[in-house]
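Descriptive structure summary
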Amino acid sequence: MPTIKINDVEMSVNPGTLVLDACRTVGIDIPHYCYHPALSPVATCRMCLVEIKGQPKLATSCTTTVPPAPKDNPDAVVMEVFTNTPAVADARAGVMEFLLINHPLDCPICDQAGECKLQDYSYSYGSGDSRMAEVKRRYRYEDLGAKIVIDKNRCIHCTRCVRFTKEISGGSELTVASRGSHLEVTTFAGKSMDQNPYAGNVVDLCPVGALTSRDFRFKKRVWYLKSVPSISRHSALGSPIWIDHEGNEIHRFRPRPLEGKETTHFISDEERYAYKRYNRAGQAPVPTLKGVPASLDAIREALQAAGPMSGTTAVIGQGTFGCDAAQRLGELATSADLRFGSGDKTIPVVLPKYQTSADGILNRRGFTERGFRFGALEELLAKVQSGAVKAVVLLHDVAFTSDKESELLGQILKAAAFSLALETEASALGRAATAWLPITSFAEESDFIINHDGELRRYQKALQAPKGVRTVPAWVKDLAGVPATV
Ligand code: SF4
Ligand code: FES
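Values in this document were obtained by computation on a predicted structure and should not be read as measured data.

Considering the site of ligand 1
- Around ligand 1, a shell composed of Cys 155, Ile 156, His 157, Cys 158, Thr 159, Cys 161, Val 185, Cys 206, Pro 207, Val 208, Ala 210 and Leu 211 is seen.
- Residues belonging to the shell around ligand 1 are distributed by class as follows: ten nonpolar, two polar and no charged.

Structure below.
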């Protein structure tokens, strides 16, 4: 590997590494706007300039790569980079002044305030005052469909959003029109971004507040939000996300890119806006037995009477829950072959690079590794109808099951002498069970999944569950009067 020096610190990096990335590995963060690891480099913003020994002009670190080591002298220093010289500081201050020429002082009303790269870099590298005496260019804000609003006054023309629609989502809805001070980011005539199932990503990509989410606009100042690392339950791979919440309420889901994993930079709009179903409304649900509120003791006794004491118990686990939940649920089954998997949601593959499976049951693998058999519910129905299985425990979320599967599950619950459903909110199917227990949503618990690519992905608790709503392992522990035989 070639050796380079960054601010006199020697390091070895792979040939072809971007200078900007090499600087990051030694903890030097180079300011940048147009660079994004998942997009093609364009070097338009000029914010990432660095000094390279032997080069007459400053160079853009987002497009300059480390050359290979010479064959006859592999230990030679191939490049000396300086990121803290007066020339670099002057260039950054100049670029900031240039970018702010037309940028309004919108921060008090801008959604990006608090996570805006213009604010951050202006504070760190800007000059502190402006020589702009002319009137700033003005546009009215525009709707780009139902999801995205653009405020062109704030745009710094980095073209990240344009490159995203061209290179990643492929619809090319956004383009750059006109030239010079009239240059503007806009959609082709008559086009909106509504048809783009990944449109929400342009809001994350925009380093300033030009592209905003209609859903989040003016709702919450970002510095009030706490961010908890989690995963998207509504993707095939359990995409890493941040849950941004405040006051026990989720306000948005955002992608949480993993280092060196390009496929984790973006999430679909279905995943992004799914946060709404994890905010509880109304009163906390309570355990029920035969449709009326009941104690856990009463439910445990009923389960024992039907299952372990006089017959057999089968469990049905939907593969959208965590592995801890699967493990504990599995312990309620009388034998290893009485663990059944459910869930049949599919997700159309729009971007094959970012979605390697159409299976919407993201932890199918984790459940399978814990002995759950998918596609065998007909077998369970026959066992219940014949009386070989007396009690059935169902772990279920209605969003991940089709009408056809729901009907089959309904027949199983109806045929069982005793059935217990574990759900976050009672569905029609859950209400048809003999007993019902309220469980935490994935935002109210910590667990992990094994996705379709075999990757272990953890998620952490963001919200406090209402009193009396518990995790699956906690309920199973308290149903422990049921002896586990496997
Ligand atoms: S709208 Fe945002 S992302 Fe798009 S070019 Fe302007 S500043 Fe860049
Ligand atoms: S980040 Fe390098 S020129 Fe914009």
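Topic: the sheet that holds strand β1 (residues 3-6)
- Judged by pairing direction, the sheet is mixed, and its five strands sit side by side in the order β2-β1-β5-β3-β4 without closing on themselves. Edge positions in the sheet fall to β2 (9-12) and β4 (59-60), since each of these pairs with one other strand and no more.
- Against the sheet, helix α2 (residues 86-99) engages β3 (49-52) and β5 (77-82), with an angle of about 160° to β3.

As for the packing of aromatic side chains
- If you walk through the whole model with that rule in mind, you get ten aromatic pairs.
- Aromatic pair Tyr 33 and Tyr 121: ring centres 5.2 Å apart, planes at 70°, arrangement edge-to-face. Note that Tyr 33 is positioned in the loop between α1 (19-25) and β3 and Tyr 121 in helix α3 (residues 117-125), a separation of 88 residues in sequence. In this structure, Tyr 33 and Tyr 121 share a single accessibility class: buried.
- The rings of Phe 253, Tyr 275, Tyr 278, Phe 442 and Tyr 459 are connected pair by pair, giving a single aromatic cluster.

So, the UniProt feature "domain: 4Fe-4S Mo/W bis-MGD-type" (unreviewed entry) in the chain
- Sites flagged by UniProt as "domain: 4Fe-4S Mo/W bis-MGD-type" (unreviewed entry) map to residues 225-282.
- Within residues 225-282, the helical portion is 7% and the strand portion 34%, while the C-alpha atoms at the span's ends are 23 Å from each other.

Side note on the domain arrangement of the chain
- When its domains are assigned, the chain resolves into domain 1 (3-94), domain 2 (106-113 + 127-278) and domain 3 (288-478).
- Between domain 1 and domain 3, the C-alpha centre-to-centre distance is 52 Å.

Considerations on the sheet that holds strand β14 (residues 288-289)
- Taken together, eight strands build an open sheet; the order of strands is β15-β14-β21-β20-β19-β16-β17-β18 and the sheet is mixed. The open sheet is flanked by β15 (292-293) and β18 (373-374), the only strands paired with a single partner.
- Here strand β17 (residues 339-342) pairs with β18 via two bridges, running parallel. The residue of β18 that forms the bridge with Gly 341 is Phe 374.
- Packed on one face of the sheet, helix α7 (residues 296-306) meets β14, β19 (391-395), β20 (418-423) and β21 (435-438) and runs near 135° to β20.
- On top of the sheet, helix α8 (residues 323-330) reaches β16 (313-318), β17, β19 and β20; it is set at about 170° to β16, its chief contact.

Let's talk about the packing of helix α10 (residues 377-386) against helix α11 (residues 403-415)
- Contact geometry for α10 and α11: axes closest at 9 Å, N-to-C directions at 20°. Taken together, the axes of α10 and α11 are roughly parallel relative to one another. Relative to α11, α10 is oriented so that their crossing is left-handed. Counted together, Leu 377, Glu 378, Leu 380, Leu 381, Val 384 and Gln 385 of α10 and Glu 405, Leu 408, Leu 409, Gln 411, Ile 412 and Ala 415 of α11 form the full contact between these two elements.

Overview of the pattern of salt bridges
- Taken as a whole and judged by the stated rule, the model has 32 salt bridges.
- Of the charged contacts in the structure, one is a salt bridge between Asp 244 and Arg 252, with a shortest N-O distance of 2.6 Å. Take Asp 244 and Arg 252: they sit in the same class, and that class is buried.
- As a salt-bridge pair, Asp 297 and Arg 300 come within 2.3 Å of each other at their nearest N and O atoms. One end of the pair is Asp 297 and the other is Arg 300, both in helix α7 and three residues apart, which spans about a single turn.
- On the basis of relative accessibility, which here comes to 42%, the residue Asp 297 falls in the partly exposed class.

Concerning the pairing of strand β23 (residues 456-459)
- Judged by which residues are buried, β23 turns out to be one-sided: Arg 457 and Tyr 459 face inward and are buried, whereas Leu 456 and Arg 458, on the alternate face, are not.
- As paired elements, strand β22 (residues 447-450) and β23 share four bridges and run antiparallel to each other. Counterpart to Ile 450 in the pairing with β23 is Leu 456.
- Between β22 and the antiparallel strand that follows it, β23, lie five residues; Gly 454 among them carries a positive phi value of about 80°.

Quick word on the environment of Lys 414
- Mapped onto the elements, Lys 414 comes out in helix α11.
- Residue Lys 414 is classed as exposed on the basis of its relative accessible area of 74%.
- Along the primary structure Lys 414 and Gln 385 are separated by 29 residues, whereas in three dimensions their C-alpha atoms are 9.4 Å apart.

Analysis parameters
Residues numbered from 1 in each chain as written. Chains lettered and ligands numbered in written order. Predicted model: local features only at pLDDT ≥ 70, side-chain atom pairs only at ≥ 80, totals over all residues. Heavy atoms only, no water. Near = heavy atom within 4 Å. Nonpolar A, V, L, I, M, F, W, Y, C, P; charged D, E, K, R; others polar. Pairing = 2+ DSSP bridges. Helix = DSSP H or I, 4+ residues; strand = E, 2+ residues; numbered from the N terminus. Contact = heavy atoms within 4.5 Å. Axes fitted to C-alpha atoms, helices over the stretch in contact; angles between N-to-C directions. Phe/Tyr/Trp six-rings, centres within 6.5 Å; stacked < 30°, edge-to-face > 60°. Buried < 20%, exposed > 50% of the residue type's maximum accessible area, 1.4 Å probe, protein only. UniProt positions renumbered as here; feature names shortened; annotations may be inferred. Domains from an automatic or database assignment. Parallel < 35°, antiparallel > 145°, perpendicular 65-115°, else oblique. Left-handed = near helix turned anticlockwise from the far one by under 90°. Salt bridge = Lys/Arg side-chain N within 4 Å of Asp/Glu carboxyl O.

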